[in-house]
Amino acid sequence: MLKTNTRQANWRRANPGKYDAHLAVQRAVKAGELTKQACEVCGDRAVDAHHDRYEEPLKVRWLCRRHHIKLHFYGEDMFPIRTTL
Ligand SMILES: [Zn+2]
Ligand SMILES: [Zn+2]
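All figures in this text were calculated on a predicted structure; none of them were measured in a lab.

Q: Can you explain the overall build of the protein chain? Please cite residues and give values.
A: For the protein chain, the helix and strand inventory stands at three helices and two strands. Looking at the protein chain as a whole, 14% of its 85 residues qualify as buried. Taking the contacts inside the protein chain whose residues are at least 6 apart along the sequence as the reference set, 40% of them involve residues at least 24 apart.

Encoded structure:
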């Protein structure tokens, strides 16, 4: 019943550092150390954490699914980091 060959498991195996970073974010959000914010582009509240650098797992940018995909599609520097929000 437990399938390990899912898309997510494959992704996890291929990206161990990224997976750790995502886990760190989930833990930090649960612990209240990190607060989810609205998408920095459009303000959508359903957001993913995006890492500019996986070596800094708790330095994330919040992006909705649409803009997160867009950012990865066009490259990491598509959106300037807004300092005033
Ligand atoms: Zn957005
Ligand atoms: Zn991302």
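Q: For the nonpolar core, give the residues involved together with the corresponding values.
A: A21, V25, C39, V47, A49, V60, W62 and L63 form the largest nonpolar core, which has eight residues in total. Going through the elements one at a time, α2 (16-31), β1 (47-51) and β2 (60-64) are the ones with two or more residues in this core. Here W62 is in contact with K36, Q37, A38, C39, E40, V47 and A49, once residues within four sequence places are set aside.

Q: Give a detailed account of the pairing of β2, specifying residues and quantitative values.
A: Among the five residues that make up β2, four are buried, leaving the element largely enclosed by the rest of the structure. Bridge count between β1 and β2: five bridges; the pairing is antiparallel. Directly across from H51, in β2, lies its bridge partner V60.

Conventions we followed
- Starting afresh in each chain, residues are numbered from 1 along the sequence in its written order.
- Note on labels: chains are lettered from A, ligands numbered from 1, in written order.
- Since the coordinates come from a predicted model, pLDDT governs what is reported: local features require at least 70, and pairs of side-chain atoms require 80 or more to be given and counted, while whole-chain, interface and lining totals use all residues.
- To qualify as a helix, a DSSP run of H or I must reach at least 4 residues; to qualify as a strand, a run of E must reach at least 2; elements of each kind are numbered from the N terminus.
- Once C-beta atoms are placed from the backbone, each residue is buried if 20 or more other C-beta atoms lie within 10 Å of its own, exposed if 12 or fewer, and partly exposed for counts between those two.
- Our contact criterion uses C-beta atoms placed from the backbone: two residues qualify when those atoms are within 7 Å.
- We define the nonpolar core as any set of buried residues of the types Ala, Val, Leu, Ile, Met, Phe, Trp, Tyr and Cys, connected via C-beta atoms lying within 7 Å of each other.
- One bridge is not enough; two strands pair if DSSP finds at least two bridges between them.

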